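This is what each chain is made of:
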Amino acid sequence: MRLREAASTIFSLTAILPLLIFMYFMWRFGLLESPEVQLGIFFALAIALLGYVLFRRLTGRVADLGRALGQTLNAPPAAATSTLAAKGATGAVPGLGQVNEIGEIAQAFGRMLVELRASTERLEDLVFKLGALNDVVEMASRIPRIEDLLSHVLERTMRAVSAGIGSIMLLDRERRTLRVAVGRGLLEAGRGPVEVKVGEGIAGKVVEMGEAVVVEDIEKDPRFGRASDPRYGGGSFICMPLRVAERIVGVVNLAKKEVGPGSTGVFSQTDLQFLNALATYTAYAVDNARLFEEAQQAAQRLQEVVEDQKLRLTLAQQQMIQAAKLSALGELVAGVAHELNNPLTVLVGASEILEQQAPEGLKEYAQMISEATDAARHIVRGLMTFGRQMPLERRHVMLDDLIEKALALTAADLRIESVKVDRDMAADLPPVWADGHQLQQVLVNLVTNAKQAMAELPEAERRLKLTTRALGSDRVRILVEDTGPGIPSEVLPKIFDPFVTTKGSAGTGLGLSISYGLIREHGGQITADSRPGHGATFTIDLPVGTAASGALSETGGQALRLDGMRILIVEHDQAVQKILLEHLEPTGCTALTVARADEARQQLRDGIDLVVADFNLDGVDWLELLRQVAARGTAVGHRFIFITAGPIGKEADTALRDAGAALLYKPFTGEQFLDAVRATAS
């Protein structure tokens, strides 16, 4: 039912119906024919009609006001307000004049409508910001990378507060600077600073104060004593710190608040509250993302360390395997060499005597025997040294001379194979404290290997180059390079292993492993480098070293006289006895020989000045004997020269040195034996 219809019904019930009831009673009692009554009824009807018209106008005005209110609910705010004011703000009713209540109702409705509009807009804004906040919280759990997370956070934040320009800056605590991590809509990016120091500019001040700042006009605000960053333009500006507990990790900068198409305004308190809530989540998300990245980096570094340790372990295992192989090989060759030492001692001594006493026609052959036995002696000693069974016979060795000797020994083979030799010798290399014979053996082996490797090449391409270089003041380097086919890549890592060869059945696979052991015994290092088809390079690095106290002296050529001395030779091998007697005969001493321990004990009681004894003689413990004599207060160790065909052990060697006794390893030359006698007798 409409308002006008309701008004007509009410008027009928309140005015027309009572009049009709009155006319009925007038008719019932016969009073209706009276002119006075009829005139009264006429006036009553006229007044009722007039009241009905005025009442309809009043209700029509109210109805118009209602329709205007309904229209304003669907109209824009400005049009709605003007429509409502036009329809009912005056409160005038035709026939009644000004009705104050209607104007007041219209004004109340207008104010209520404006407030409702504003509340609705604020509610929509809060709902949008709450949605943005939820999006940020959800993104923080899904996006681990800081850059991606900050980019999404900035985009959602700018939309939530209608900002046209924005950036997020992260704090470098060590350098005390803020760095722009992400930005949107920044103006004149080339002019503005990428970094801001703490305490400078709005962002630096916010970090220093720890509180958010809202600036109405960034170009005119007096609180900051410097020009604003031109990249943010002018107008309102807001800077919010990103805080984790009491620690600030960065700031959010927002500018150019858009309140309508082409117009800007000032950031509101609601914007500030939203950003305050958002900053907390963002700060923790940034901190967690940073911790996650640091954890990933730490895990990566740990993985690299693990891989490095695995590689080191693999290399150590390979070295242990190689050391075990070399040790087994060393024990094998040392055992063989040990058995050769006694006969070699006889051969060396006999060849020297033959060379001295042979007639002119045989001297050449005697010299050949002497050289061959001397070479055999060095080979056997090298095998013992390789197995760490014998100490090195160190002398000062010039590398240039050593290389020339090695090339001289291989010159005939190199000439037959048409191998061209190039030398690149560094000047003024220091002498190396080393066993020259052992190093010469290594070089001869490398030169021989290179010659054999180039055998299949055309003669014009067979080139061998030997180079020496100084590595500082305490190390030297020797390089042996050839132009052969190189070492296969699968063989190169184990080239120094025993029994590994690239020569097939023509090689034993022991040359390089023995060379490796000899260089290692000198405290050096030998390595191989090769690319298939481009030759091979062997590099030897050696310490220069210095002569130790007690080093072997070179006193050959001086006649030794031992007139009146009694020397006892304790040796079970009669051939060795005879050789020692031959060496001592020119000295003028009295030499006695025994072969058994009991005979030695008997002779020791008869005033012996010097004893030359086999250290491994059955039936006597020479160390215990020396200790017993020393316990009686008599120091006789310096009167003993012990000879041995093999190692005696570190403990025994130390005990002999402490007692003052000399130790001589077989095979030895007559000169070496007489040097030991001279040193002991003096």
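Quick notes on the rules
Residues numbered from 1 in each chain as written. Predicted model: local features only at pLDDT ≥ 70, side-chain atom pairs only at ≥ 80, totals over all residues. Heavy atoms only, no water. Core = buried A, V, L, I, M, F, W, Y, C linked by side-chain atoms within 4.5 Å. Buried < 20%, exposed > 50% of the residue type's maximum accessible area, 1.4 Å probe, protein only. Helix = DSSP H or I, 4+ residues; strand = E, 2+ residues; numbered from the N terminus. Contact = heavy atoms within 4.5 Å. Pairing = 2+ DSSP bridges. Right-handed = clockwise from strand over helix to strand, strands pointing away. Expected span 1.5 Å × (residues − 1). Bend = angle between axes of the 7 residues up to and from the residue. Axes fitted to C-alpha atoms, helices over the stretch in contact; angles between N-to-C directions. Left-handed = near helix turned anticlockwise from the far one by under 90°. Nonpolar A, V, L, I, M, F, W, Y, C, P; charged D, E, K, R; others polar. Salt bridge = Lys/Arg side-chain N within 4 Å of Asp/Glu carboxyl O.

*Asks:* Would you mind showing me how to read the nonpolar core here?
*Replies:* Note that soluble globular proteins tend to have their nonpolar side chains buried in a common cluster. Leu443, Leu446, Leu464 and Ile540 are the most contacted members of the largest nonpolar core, which totals 39 residues. For this core, the secondary structure elements donating two or more residues are α9 (399–416), β12 (432–434), α10 (436–453), β13 (463–471), β14 (475–482), α11 (511–521) and β16 (536–543). Not counting residues within four places of it along the chain, the set of residues in contact with Ile540 comprises Val442, Leu443, Leu446, Val476, Arg477, Ile478, Ile519, Gln525 and Ile526. One finds Val153, Ile168, Val244 and Leu278 within the second-largest nonpolar core, a separate group that totals 28 residues.

*Asks:* Help me out: how do you make sense of the environment of Leu354 in this one?
*Replies:* Looking at the element boundaries, Leu354 is found in helix α7 (residues 269–357). Along the backbone, Leu354 and Ile369 are 15 residues apart, and their C-alpha atoms lie at a distance of 9.0 Å.

*Asks:* Explanation requested: the pairing of strand β18 (residues 590–594) in the structure shown.
*Replies:* Along a regular strand, successive side chains alternate from one face of the sheet to the other. When strand β17 (residues 566–570) meets β18, the two strands line up parallel, connected through five bridges. Looking across to β18, one finds that Leu568 is bridged to Leu592. One crossover worth recording links β17 to the parallel β18 by way of helix α12 (residues 574–584), and it is right-handed.

*Asks:* What am I meant to see in α9 here?
*Replies:* Structurally, the α-helix is built with 3.6 residues per turn, so residues lying three or four positions apart point the same way. Compared with an ideal rise of 1.5 Å per residue, which puts 18 residues at 26 Å, α9 spans 26 Å between its outermost C-alpha atoms and is within 8% of the ideal. The largest bend along α9 measures about 60° and falls at Thr410. Here the buried face of α9 lies against β10 (395–397), β11 (420–424), β12, α10, β13 and β14. Where α9 ends, the next residue or the one after it, Ser418, has phi of about 60°, a positive value.

*Asks:* Looking at this model, I keep getting lost on the packing of α9 against α10. Mind explaining?
*Replies:* When two helices pack together, you describe them by how their axes are tilted relative to each other and by the distance separating the axes. Contact geometry of α9 with α10 gives a least axis separation of 9 Å together with a crossing angle of 35°. Of the two possible hands of crossing, α9 and α10 adopt the one that is right-handed. Mapping the contact onto sequence places Leu402, Ile403, Lys405, Ala406, Leu407, Leu409, Thr410, Asp413 and Leu414 in α9 and Gly436, Leu439, Gln440, Leu443, Val444, Val447, Thr448 and Lys451 in α10. In terms of residue class, the contact of α9 with α10 is made up of 10 nonpolar, four polar and three charged.

*Asks:* Honestly, the pattern of salt bridges in this entry has me stumped. Any pointers?
*Replies:* It is possible for side chains bearing opposite charge to pair when their charged atoms get close. Scanning the model with the defined rule gives 13 salt bridges in all. The salt bridge partner of Glu571 is Lys666, with a shortest N-O separation of 3.4 Å. A residue pair is termed long-range when its members are at least 10 positions apart, and Glu571 in the loop between β17 and α12 and Lys666 in the loop between β21 (662–665) and α16 (670–681) qualify at 95 residues. Each member of the pair Glu571 and Lys666 is classed as buried. Through salt bridges that share partners, Arg596, Asp598 and Glu599 make up one connected network.

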